[in-house]
Amino acid sequence: MSLKIYNTLTAKKEDFVPLEGKHVKMYTCGPTVYDLSHLGHARKEIVFDVIQRYLRYSGYEVTFVRNITDIDDKIINKAIELKKRPEQVAREFTYTFWKDMHALNVMPPDIEPRATEFIHAMIDFVAELIAEGHAYVSHGDVYFDVASFKEYGKLKKQSLDDLLSGARDQVRSQQELKEVKKSPVDFALWKSAGDNDLGWESPWGRGRPGWHLECSTMIKNVLGDTIDIHGGGEDLVFPHHENEIAQSESLHHTPLAKYWLHNSFVQVEAEKMSKSLGNFRTIEEVLKQFSPDTIRLFILQTHYRSPIEFTEEALKAAQSGLSRLIKAARQAGSKSEATMHASAELAKFRSDFEEAMNNDFNTSIALSVLYAMVDKINTSDPATASQIAFDLKKYAHVLGLTLKDNSKAINSKTAASVMDLVLELREKARENKDYASSDLIRDRLNNLGIKIMDVKGANADWEKA
RNA sequence: GGCGGCAUAGCCAAGUGGUAAGGCAGAGGUCUGCAAAACCUUUAUCCCCCAGUUCGAAUCUGGGUGCCGCCUCCA
């Protein structure tokens, strides 16, 4: 079975056929770096990480681009709040984002452009839109003329009339712009800035780019007019991706992306986890309590287009399940051992795994295949178990699960308690005049580089040599 | 107000016409000095409600109820 992907644009599962042979051009909207990332962001990055890993596993050559939005009102506001320059804020949170992604075993993108590196390209983009009659200048701003793009609304599947009537009750932010915009649905390509505000010179005066513009521009400059996969969270469908389509397609007269993929949210008490609602858990926080693999397993248990309810109980359940995967993976032998036995079983697991992933990346089913492999490993002879475990690890890696066994990695605090216990046992031996045992303990610890110092009238002390 | 989505066991979650995957938790058992791990058995006569289509529906249609998302920054 070949790979099928659900396309938001057509609202159907479609056969995946890249534009150029086995080469896949893929772009997802990266973070706006003004704050720590939370579990919802983690889900998006993990989902698309698995998608690109699976594409590579399937033999595609992937060019994965993920941008960093390092210029935005939120960054500017944060900078004012922290009394820092916007660049400092952007850099700081770019680093924390990278740290989080690294911790979660999310592969870095092949290319990671920043908005500020593309200001001139964005200005060119806007100039072309104006020249083509798709944008207009008003009070130093430039707006996209939505009426000029007849397919507007095709991603969200809502007509311009629907959007306008929908907007009627959402006039709050539109009210102030009534004078400058031709239509409430028109959106800013370029926003004017005061002399002291962050900005760049442009043909329309000092200003800065609108948010939607950067993705269109970077895709054009880095990947080309049409790409294979464009992805992001489902809240980006409208207006962000709709606007990207409007900008790019009215200029290029060719589809911006062939397949549009959107992941669903992480919810807390049946509500979207988001910064504005204040109900978020940062990646940093969650990582203190749960391992990266646990978080990934928790997220991949649910299909990427269904919402996930965040609960500690569910995370703990994932932790228990993960532990079984890790224990079974310990049986893994080397590739050379894994040639003689169970080839029929290996082929079955492989086809089950691939069938699941080919069906719009059904990681829930793919994980159930992994558990089936665990059962087989635990009930087979060592030779068979070892080769199934070898493949188990292989598929786990496609899902970005490391299955790293940390069960023996104790921290120094625990080690100190273990030392207390050892010394207590030695003391008991001494009290029983069992000097053979007490000397054995001291000598063996010595060999490990741990020195024992008996203290008169107190517990023995120890130190690393 | 406009548009869209979801509703499956104690919890999480697959399944879109052929008679309910998987994980966690629970119960009983094997093993064990006792545990742990592992293994075996077991846990939804039924998929929010009502009506309809069909030989057959959790899956399709209509109605209802509840919840969520987007329309404003948002993964």
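A. Fine view of the overall build of chain A. Helix and strand content of chain A: 16 helices and 15 strands. Counting only C-alpha atoms, chain A reaches 95 × 60 × 35 Å along its principal axes. By residue count, 48% of the 465 residues in chain A fall in the buried class. Accessible area for chain A stands at about 22,600 Å²; split by element, carbon and sulfur atoms hold 51% of it. Of the side chains in chain A, 60 bear a positive and 68 a negative charge, and the two mean positions are spaced by 5 Å.

B. Inspection of the domain arrangement of chain A at higher detail. With domains assigned, chain A is organised as domain 1 (4–272), domain 2 (290–398) and domain 3 (412–464). Between the C-alpha centres of domain 1 and domain 3 there is a distance of 62 Å.

C. How the structure looks around the sheet that holds strand S12 (residues 271–272). In spatial order, the strands read S12-S11-S13; together these 3 strands make up an open sheet with mixed pairing. Among the strands making up the open sheet, the edge pair consists of S12 and strand S13 (308–309). As judged from the 2 bridges shared by strand S11 (residues 266–268) and S13, these two strands associate in the parallel manner. Across the sheet, the residue bridging to glutamine 267 is glutamate 309, located in S13.

D. Just the packing of helix H4 (residues 119–131) against helix H7 (residues 211–223), in detail. The contact between H4 and H7 brings their axes to 9 Å, and the two run at 100°. The orientation of H4 relative to H7 falls into the category roughly perpendicular. Contacts between H4 and H7 involve Ala121, Met122, Phe125, Val126 and Glu128 from the former and Leu213, Glu214, Ser216, Thr217, Lys220 and Asn221 from the latter. Among the residues making up the contact of H4 with H7, the classes are represented as 5 nonpolar, 3 polar and 3 charged.

What counts as what
Residues numbered from 1 in each chain as written. Chains lettered and ligands numbered in written order. Predicted model: local features only at pLDDT ≥ 70, side-chain atom pairs only at ≥ 80, totals over all residues. Heavy atoms only, no water. Helix = DSSP H or I, 4+ residues; strand = E, 2+ residues; numbered from the N terminus. Buried < 20%, exposed > 50% of the residue type's maximum accessible area, 1.4 Å probe, protein only. Areas by Shrake-Rupley, 256 points an atom, 1.4 Å probe, with all protein chains shown as cover. Lys, Arg positive; Asp, Glu negative; His and termini not counted. Charge placed at Lys NZ, Arg CZ, Asp CG, Glu CD. Domains from an automatic or database assignment. Pairing = 2+ DSSP bridges. Axes fitted to C-alpha atoms, helices over the stretch in contact; angles between N-to-C directions. Parallel < 35°, antiparallel > 145°, perpendicular 65-115°, else oblique. Contact = heavy atoms within 4.5 Å. Nonpolar A, V, L, I, M, F, W, Y, C, P; charged D, E, K, R; others polar.

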